[in-house]
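Working through the structure, step by step
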Amino acid sequence: MASKLTLTLPTGQIMPALGFGTWQATDAELEAALTAALEAGYRHIDTAPVYENEHVIGKVLHKWLSSGKIKRDELFIVSKVPPSGNRPSGVDKWIKRSLKDLQLDYLDLYLIHTPFSFEEVGEELHPVDKNGEIKLDKSTNHLQVWAEMEKQVAAGRTKAIGLSNFNMEQINKVLTVTKVPIANLQIELHVYFQQRELVEYCKKNGITVTAYSPLGSRGLVKLMGKVDSLPDLLANPVVLKIGERRKKTPAQILLRYTLQRGIAAIPKSTNPERLKKNIDLFDWELTAEDTDELDALDQGSSARICDFGFFKGIKNHPEFPF
Ligand code: A2P
């Protein structure tokens, strides 16, 4: 079997290219799924306080770590500062909270989850007013927040730091002040929305890229009300045809394609059979003919699933990214 694919961060850390996504799973589902994922060989786990499940992940990790079944340095754990903590004073508070919930001493990678911020209203992750509009904090200052992120590396709470959902202009600004490199950018990326310009820009600047919704996240498509405009990637005839040719599932084709582009992917599955198949990517590869056909499926930003429209009024934030 060929060796597992990895990405090397600017810090020198090795990140497994295939990670386990944990958004949109209930506590019970996630506990079983994460156990199955660790058994299947997943070592890169992506989470965030806004997924409201770090305590579940912490419980499972604690079981595996305390029993000696796995060592901490074999894991690659990612978490994020939530929008409601996206201000200089929020970084220290939220990373400590994630570490406590995850029952860990340090993270491998800590990201700023979004370029926009919400007001701090107690512990609320998504504070809304009486009309249901999200309470925006429009004073977001990425440079000041980044400086606090760097302090977390110095304090040993995370080994690397990065960004999520930032656009090129926003990343460019952060790059003018970095003392600790931006190690990773996590963005929506899949075969219909290949983000070629942004990926190229990141490569040029030494920033690794992680794809969320790499399978086109049907649940999210429904949530965004885009079922009619965004067809199912997993049912795309070209993907199906390549799957038949290579004797692989459509999901394997999509994931292997992302990895072959040098991009990490964090598919979510709570189904033990599917999550096992999703990581079975390392002893075969797509040919140039396959990748040419998949390249041609790109539809650009019109295929974006997640425009954060589920936060009513989000477009009024000055850092609303798109
Ligand atoms: P399930 O958890 O029942 O497997 P994304 O990672 O793009 O957000 O997509 C996650 C969605 O894709 C989930 O609904 C998940 O459902 C589904 N999914 C994950 N792996 C596969 C697979 N191999 N085949 C079909 N659907 C999958």
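Computed from a prediction, not measured in an experiment: that's the story for all the values here.

**A look at helix α3 (residues 88-102)**
For an α-helix the count is 3.6 residues per turn, leaving residues at separations of three or four pointing the same way. The end-to-end C-alpha distance of α3, which contains 15 residues, comes to 22 Å, matching closely the 21 Å that a straight helix rising 1.5 Å per residue would cover. Among the residues of α3, Gly 90, Val 91, Trp 94, Ile 95, Ser 98, Leu 99 and Leu 102 are the ones counted as buried. One face of α3 carries all of its buried residues, which in axial projection span an arc of 155°. Looking at α3, the residues exposed on the side facing more than 90 degrees away from the buried face are Ser 89 and Lys 100. The positive-phi residue at the C-terminal boundary of α3 is Gln 103, with phi of around 60°.

**Looking at the packing of aromatic side chains**
Under the counting rule described, the total for this entry stands at 11 aromatic pairs. Ring geometry for Phe 116 versus Phe 308: centroids 5.2 Å apart, planes at 80°, classification edge-to-face. Pair noted here: Phe 116 is in the loop between β6 (109-112) and β7 (117-118) and Phe 308 is in the segment after α11 (288-295), with a separation of 192 residues, a long-range link. The pair Phe 116 / Phe 308 is uniform in exposure class, with both members buried. With a centroid separation of 5.0 Å and 75° between ring planes, the pair formed by Phe 118 and Phe 311 is classed as edge-to-face. In this pair, Phe 118 is assigned in strand β7 and Phe 311 in the segment after α11, connecting sequence segments 193 residues apart. Note on accessibility: Phe 118 and Phe 311 belong to one class, buried. One aromatic cluster is present, built from ring pairs that chain together Phe 116, Phe 118, Phe 308, Phe 310, Phe 311, Phe 320 and Phe 322.

**Side note on the site of the ligand**
With respect to spatial proximity, 14 residues lie near the ligand, and among them Ser 217, Ser 269, Thr 270, Arg 274 and Asn 278 are the closest. One nitrogen or oxygen atom from the main chain of Pro 214 is found 3.5 Å from an oxygen atom belonging to the ligand. In the model, an oxygen atom of the ligand is placed 2.7 Å from a nitrogen or oxygen of the Arg 274 side chain. Here the ligand, which alone exposes 570 Å², has 77% of that area covered by the protein.

**Quick look at the pattern of salt bridges**
Tallied over the full model, the rule gives 18 salt bridges. In this structure, Asp 295 engages Arg 196 in a salt bridge whose closest nitrogen and oxygen atoms are separated by 2.9 Å. Linking Asp 295 in helix α11 with Arg 196 in helix α6 (residues 196-204), this pair joins segments that are 99 residues apart in sequence. Under the relative-accessibility criterion, Asp 295 is labelled partly exposed at 30%.

**Topic: the side chain of Arg 304**
Among the secondary structure elements, Arg 304 is positioned in the segment after α11. Buried and unpaired, Arg 304 has Glu 188 as its nearest opposite-charge partner, separated by 5.0 Å. Aside from chain neighbours lying at most four places away, what touches Arg 304 is Glu 188, Phe 193, Lys 226, Leu 230 and Phe 322.

**A word on the layout of surface pockets**
Any space left empty among the atoms is revealed by the rolling of a water-sized probe across them. Taken as a whole, the largest pocket holds about 910 Å³ of empty space. In terms of lining, the largest pocket is formed by 41 residues, of which the most central are Trp 23, Gln 24, Ser 213, Ser 217 and Lys 268. Of all the secondary-structure elements, those providing two or more residues to the lining of the largest pocket are α7 (218-223) and α10 (272-278). For the lining of the largest pocket, the element with the highest residue contribution is α10, accounting for four residues. Its boundaries defined by the atoms lining it, the second largest pocket holds a volume of some 220 Å³.

**A few points about the packing of helix α1 (residues 27-40) against helix α2 (residues 54-66)**
Across the interface, α1 lies against α2 with an axial gap of 9 Å and an inter-helix angle of 35°. In the packing of α1 onto α2, the handedness of the crossing is right-handed. In this structure, α1 contributes Asp 27, Leu 30, Glu 31, Leu 34, Thr 35, Leu 38 and Glu 39 to the contact, and α2 contributes His 55, Val 56, Ile 57, Lys 59, Val 60, Leu 61, Lys 63 and Trp 64. Across the contact of α1 with α2, the residue classes tally to eight nonpolar, two polar and five charged.

Conventions we followed
Residues numbered from 1 in each chain as written. Predicted model: local features only at pLDDT ≥ 70, side-chain atom pairs only at ≥ 80, totals over all residues. Heavy atoms only, no water. Helix = DSSP H or I, 4+ residues; strand = E, 2+ residues; numbered from the N terminus. Expected span 1.5 Å × (residues − 1). Buried < 20%, exposed > 50% of the residue type's maximum accessible area, 1.4 Å probe, protein only. Arc of directions from axis to C-beta. Phe/Tyr/Trp six-rings, centres within 6.5 Å; stacked < 30°, edge-to-face > 60°. Near = heavy atom within 4 Å. Polar contact = N/O pair within 3.5 Å; in protein donor to acceptor, adjacent residues only side chain to side chain. Areas by Shrake-Rupley, 256 points an atom, 1.4 Å probe, with all protein chains shown as cover. Salt bridge = Lys/Arg side-chain N within 4 Å of Asp/Glu carboxyl O. Lys, Arg positive; Asp, Glu negative; His and termini not counted. Contact = heavy atoms within 4.5 Å. 1 Å grid on protein atoms, 1.4 Å probe; cavity = no way out; pocket = protein on both sides within 12 Å on 5 of 7 lines; lining within 4 Å. Points joined across faces, edges and corners; volume = space filled by probe spheres on them. Axes fitted to C-alpha atoms, helices over the stretch in contact; angles between N-to-C directions. Left-handed = near helix turned anticlockwise from the far one by under 90°. Nonpolar A, V, L, I, M, F, W, Y, C, P; charged D, E, K, R; others polar.

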